Amino acid sequence: MRKINFFLPEDEIITKGFDKKAKPVMDRIRFTFPARVHITLIDSNRLDFGKPGGGGLGFAVQMDNWMEVSLSREDYQDSTRDSQLLLSHMTLIMKKILNYQGGIRINLTLNPFLQPHKGLGSTTAILTACAQGINMLFGSPLTTEEIREIVAYNYVEVCDGKLAKGMETGVGTYLILKGGFVIVGGDLKVIYGRRFFPFYNVVLVDPGLTRFPHKEPENIPEFRKVQEEDQAFRYQKAYLLIMELIPALYSDNFEKIGNIIWRFQWGGNNLLEFEKYPDRGKRILNIMHELRYCCQPKPIVGITSLGPVIFAICENPESILKTCEGLNAKTFVTKIDNEGLKVLEK
């Protein structure tokens, strides 16, 4: 694996050869964007710091996050300290690609449930929204796929007031921009994307846990264990995706989709994510089991990314909310976002 280096926003800028001589076409733009649920990686052995890959699948969820990007005398980020570092970094990247010397102001407001290190992709959402917001301010000289590539190769995590290269599969960037459900393969390539159960509810459940603390984007020894586990389970994942999940998605077979996603929880990277918590995932596993079998038809249940947030897709959230109340777990009820980033006003 690559060595982890810490740096400031003006360092480690990768343009991927993009060079646009663009001019602003408006003074400001305001838009909303979703959060993302990352169901599973396909193969963690194809992932590294600063090297996107690994593949994966997930879906977007509606959440009241908004950003305003506007021209200014100098760069300014109106947000929390950690978000400011992310916004500053992506602003400098986009300005270099667009050959723009002026200032850009960004105002960011995130839904309180979208917190860092909860598994909902707050960092991916901020970086992607910032890149696309600036892109739109300049008349969209970059395509959606180019924005995804720029974000993926410049994906960073905030660590003790500095930045470090992180790991990005390309799932989150797609979902923030386009919404719906997606399966992403190697080299960020989209294998399959579609609308996903627009009338169902999604209950996001926070067990109130935090992962073991460490000062790097990822605990290297733990991640190597994940890679070893994935060396065996990646073949099963690939088979399940092609032979079972995609056909089930075509026919909107809720029960079969739920069974396959439940199977993903018990092998490969998902299985070892539980060990990153002080109780070795006992509380998360208990909540997942309770939610999976609390009502009929059985909800689609799983852990998102590294967790600890659990997702449950259902028609009626009443039984799930009652179960979570009994387990003293916080909940956020929403729906799947099938639109992605949405402009409010220009």
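This report concerns the structure included in the present document. (Residues numbered from 1 in each chain as written. Predicted model: local features only at pLDDT ≥ 70, side-chain atom pairs only at ≥ 80, totals over all residues. Heavy atoms only, no water.)

What follows covers the overall build of the protein chain. Helix and strand counts for the protein chain stand at 9 helices and 14 strands. For the protein chain, the spread of C-alpha atoms along the principal axes amounts to about 55 × 40 × 40 Å. Taking all 346 residues of the protein chain together, the buried fraction comes to 58%. A separation of at least 24 residues holds for 79% of the contacts in the protein chain among residues at least 6 apart in sequence. Element-wise, carbon and sulfur atoms account for 48% of the exposed surface of the protein chain, whose accessible area totals about 14800 Å². Side chains of the protein chain carry 43 positive and 40 negative charges; the gap between the two charge centres is 2 Å. (Helix = DSSP H or I, 4+ residues; strand = E, 2+ residues; numbered from the N terminus. Buried < 20%, exposed > 50% of the residue type's maximum accessible area, 1.4 Å probe, protein only. Contact = heavy atoms within 4.5 Å. Areas by Shrake-Rupley, 256 points an atom, 1.4 Å probe, with all protein chains shown as cover. Lys, Arg positive; Asp, Glu negative; His and termini not counted. Charge placed at Lys NZ, Arg CZ, Asp CG, Glu CD.)

Time to look at helix 5 (residues 220-250). With 31 residues, helix 5 extends just 38 Å between its outermost C-alpha atoms, more than 12% less than the 45 Å of an ideal straight helix rising 1.5 Å per residue. Along helix 5, the sharpest change in direction is near 50° and occurs at alanine 232. Of the residues one or two after helix 5, aspartate 252 is the one with positive phi, at around 55°. (Expected span 1.5 Å × (residues − 1). Bend = angle between axes of the 7 residues up to and from the residue.)

Let's shift gears to the environment of leucine 271. Tracing the backbone through its elements, the reader meets leucine 271 in helix 7 (residues 268-273). We classify leucine 271 as partly exposed; its relative accessible area is 31%. In contact with leucine 271, not counting residues within four places along its chain, are Glu229, Gln265 and Trp266.

With respect to the element layout, arginine 148 can be found in helix 3 (residues 144-153). Arginine 148 gets classed as buried once you look at its relative accessible area, which sits at 2%. At a separation of 2.7 Å, a polar atom in the side chain of arginine 148 contacts the side chain of glutamate 145. Dropping the residues within four chain positions of it, arginine 148 is found in contact with Gly170, Thr173, Tyr174, Leu177, Val184, Leu188 and Val190. (Polar contact = N/O pair within 3.5 Å; in protein donor to acceptor, adjacent residues only side chain to side chain.)

Moving on, we come to the packing of aromatic side chains. With the rule as written, the count across this model stands at 13 aromatic pairs. With centroids separated by 6.3 Å and ring planes inclined at 90°, the aromatic side chains of tryptophan 262 and tyrosine 293 adopt a geometry described as edge-to-face. Taken together, the residues span a long stretch of sequence, with tryptophan 262 in helix 6 (residues 254-264) and tyrosine 293 in the loop between helix 8 (282-292) and strand 11 (300-303) at a distance of 31 residues. We classify tryptophan 262 as buried; its relative accessible area is 10%. An aromatic cluster is present here, built from Phe59, Phe181, Phe196, Phe197, Tyr200, Phe254 and Phe311 joined pairwise through their rings. Here the basic side chain of lysine 16 rests over the ring of tyrosine 153, its NZ or CZ set 3.9 Å away from the ring centre. Of note, arginine 30 hangs over the ring of tryptophan 66, and the distance from its end group to the ring centre comes to 4.1 Å. (Phe/Tyr/Trp six-rings, centres within 6.5 Å; stacked < 30°, edge-to-face > 60°. Lys NZ or Arg CZ within 6 Å of the ring centre and 35° of its normal.)

The next point concerns the sheet that holds strand 1 (residues 6-7). The 3 strands lie next to each other as 1-7-6, forming an open sheet whose pairing is antiparallel. A single partner strand is all that each edge strand has here, and the edge strands are strand 1 and strand 6 (156-159). Bridging between strand 1 and strand 7 (residues 162-165) involves 2 bridges; their strand directions are antiparallel. Within strand 7, the position partnered with phenylalanine 7 by the bridge is leucine 163. (Pairing = 2+ DSSP bridges.)

Tallying each qualifying case throughout the model produces 0 disulfides. Sulfur of cysteine 159: no disulfide; nearest cysteine sulfur belongs to cysteine 130 and is 19 Å away. Residue classification places cysteine 159 among the buried residues on the basis of a relative accessible area of 9%. Free of any disulfide, cysteine 294 has its nearest cysteine sulfur in cysteine 295, 3.8 Å distant. Residue classification places cysteine 294 among the partly exposed positions, given a relative accessible area of 23%. (Disulfide = S-S within 2.5 Å.)

It is worth spelling out the pattern of salt bridges at this point. Between side chains of opposite charge, pairing is possible as soon as their charged atoms come close. All told, the structure shown has 10 salt bridges when counted by the stated rule. A salt bridge links lysine 21 to aspartate 19; the nearest nitrogen and oxygen atoms lie 4.0 Å apart. Judged by its relative accessible area of 47%, aspartate 19 falls in the partly exposed class. Note that lysine 95 and aspartate 75 form a salt bridge whose closest N and O atoms lie 3.0 Å from each other. Here lysine 95 is found in helix 1 (residues 81-98), whereas its partner aspartate 75 is found in the loop between strand 3 (56-72) and strand 4 (76-78), with 20 residues between them in sequence. Given the relative accessible area of 13%, lysine 95 is considered buried. (Salt bridge = Lys/Arg side-chain N within 4 Å of Asp/Glu carboxyl O.)

Function cannot be read off these values alone, since they describe shape.
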